[in-house]
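As a plain string of letters, each chain reads:
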Amino acid sequence: MKNKSKGTALVTGAAKRLGQAVALHLADQGYSIALHYNSSKAEAMKTAAFIYKKGVRCELFACDLADPKEALRLMAQVHQAFPDLNLLINSASIFVPNTFGAQDLTLFNAHWNINFKAPYILSCEFVRLVKQGGIINFIDTNVVKNSSRYSDYLLSKKALAEFTKMAAVSFGEAIRVNGISPGMILTPVNSQKDDREIRAKKIPLKSVGNPQYILDTIDFLLKNTYVTGQIIAVDGGEQLV
Ligand SMILES: NC(=O)c1ccc[n+]([C@@H]2O[C@H](COP(=O)([O-])OP(=O)(O)OC[C@H]3O[C@@H](n4cnc5c(N)ncnc54)[C@H](OP(=O)(O)O)[C@@H]3O)[C@@H](O)[C@H]2O)c1
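Residues numbered from 1 in each chain as written. Predicted model: local features only at pLDDT ≥ 70, side-chain atom pairs only at ≥ 80, totals over all residues. Heavy atoms only, no water.

Colleague: What am I meant to see in the packing of helix α1 (residues 17–28) against helix α2 (residues 41–53) here?
Modeller: Two numbers describe a pair of packed helices, the interaxial angle and the distance between the axes. Between α1 and α2, the shortest axis-to-axis distance is 10 Å and the interhelical angle comes to 15°. Comparing the axis directions of α1 and α2 gives the class roughly parallel. In this structure, α1 crosses over α2, and the sense of that crossing is right-handed. On α2, the residues touching Q20, A23, L24 and A27 of α1 are T47, F50 and I51. In terms of residue class, the contact of α1 with α2 is made up of five nonpolar, two polar and no charged. (Axes fitted to C-alpha atoms, helices over the stretch in contact; angles between N-to-C directions. Helix = DSSP H or I, 4+ residues; strand = E, 2+ residues; numbered from the N terminus. Parallel < 35°, antiparallel > 145°, perpendicular 65-115°, else oblique. Left-handed = near helix turned anticlockwise from the far one by under 90°. Contact = heavy atoms within 4.5 Å. Nonpolar A, V, L, I, M, F, W, Y, C, P; charged D, E, K, R; others polar.)

Here it is, written out as structure tokens:
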């Protein structure tokens, strides 16, 4: 085990993709890792194995964040296992296309619970249990727009963006709360068509991103202790056009 720990980071949705990249990076930075996953147990175990190899403590926490009671329990379990918990990264999310409609609220409830209510619950519990620390919420560069093929997804992320700012005010100097709004960073989930190269031609920096840009932003937000309530778009300028 590495001697000098910076504390512990709970990273949600950390078995693969961006959450995994963040967990591995924070392990390199000296954080012990509370690695949350839901269905990707095999990938979570592989990620944990990479972290152990770095000589860093890592424990796995399975939790379906669609269930608010489970989300509540998750924070208690993590804090019990890691009393030095001081960083929460809310990355877990679903991203399913739909349009507004009240006949079937299944997708509304799923997006609302996983993308908004879970980060809300985890953050409120975090501030109750942790004296000094930080929260970083993964949002989406499209939150400034009002038209989307992903209506309930976008609405849930807009709520998370507003919560990020309100929580920064409410939690004050004890817990800084910031957000990162990724643009075209990874290939889309749910076997959707990967048209990022075509879409990238229309944004100011004319290129798709990669996870390193997100990790650099996390480093900035952790280092700069005079920043709270900010949401940084890491999107090649996509939000502007
Ligand atoms: N990737 C991008 O380019 C991009 C662009 C814009 C915004 N973002 C945002 O950045 C964050 C990370 O992106 P990503 O692409 O890495 O996310 P992702 O692959 O879509 O999802 C991350 C994880 O969320 C977890 N999750 C889904 N449903 C869950 C549930 N019911 N309970 C608990 N966990 C659940 C899954 O864990 P399991 O696999 O273990 O089930 C999944 O691996 C997300 O918040 C996303 O909205 C990403």
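Colleague: Just checking my understanding: could you explain the pattern of salt bridges for this structure?
Modeller: Across all of its chains, the model carries seven salt bridges by this definition. Where K165 meets E162, a salt bridge forms, and the shortest distance between an N and an O atom there is 3.2 Å. Of this pair, K165 and E162 are both found in helix α5 (residues 151–171), three residues apart, which corresponds to roughly one turn of the helix. According to the relative accessible area criterion, K165 is partly exposed, its value standing at 37%. Since its relative accessible area comes to 43%, E162 is described here as partly exposed. As a salt-bridge pair, D195 and R199 come within 3.0 Å of each other at their nearest N and O atoms. Accessibility expressed as a relative area gives 33% for R199, which makes it partly exposed. (Salt bridge = Lys/Arg side-chain N within 4 Å of Asp/Glu carboxyl O. Buried < 20%, exposed > 50% of the residue type's maximum accessible area, 1.4 Å probe, protein only.)

Colleague: Even after reading the chapter, I still don't get the sheet that holds strand β6 (residues 175–182), so can you show me in this structure?
Modeller: Whenever strands of a sheet pair, they do so through backbone hydrogen bonds, lying parallel or antiparallel. One open sheet accounts for seven strands, arranged β3-β2-β1-β4-β5-β6-β7; its pairing is parallel. Looking at strand neighbours, the two that pair on one side only are β3 (58–62) and β7 (231–234), the edges of this open sheet. In this sheet, adjacent strand axes meet at a mean angle of 20° when their direction is disregarded. In this fold α5 packs onto β5 (133–138), β6 and β7, with an angle of close to 160° to the strand it touches most, β6. Seen against the sheet, helix α7 (residues 211–223) touches β2 (31–37), β4 (85–90), β5, β6 and β7 and runs at an angle of roughly 160° to β6. (Pairing = 2+ DSSP bridges.)

Colleague: Would you take a moment to explain the site of the ligand for this structure?
Modeller: Around the ligand, a shell composed of 28 residues is seen, among which R17, N38, S39, S40 and L65 lie nearest. S91 has a polar backbone atom sitting 2.8 Å from an oxygen atom of the ligand. The separation between an oxygen atom of the ligand and a polar side-chain atom of Y153 is 3.1 Å. In isolation the ligand offers 890 Å² of accessible surface; the protein chains occlude 91% of this area. Classifying every residue of the shell around the ligand by side-chain character gives 15 nonpolar, eight polar and five charged. (Near = heavy atom within 4 Å. Polar contact = N/O pair within 3.5 Å; in protein donor to acceptor, adjacent residues only side chain to side chain. Areas by Shrake-Rupley, 256 points an atom, 1.4 Å probe, with all protein chains shown as cover.)

Honestly, it's all geometry; don't read function into it.
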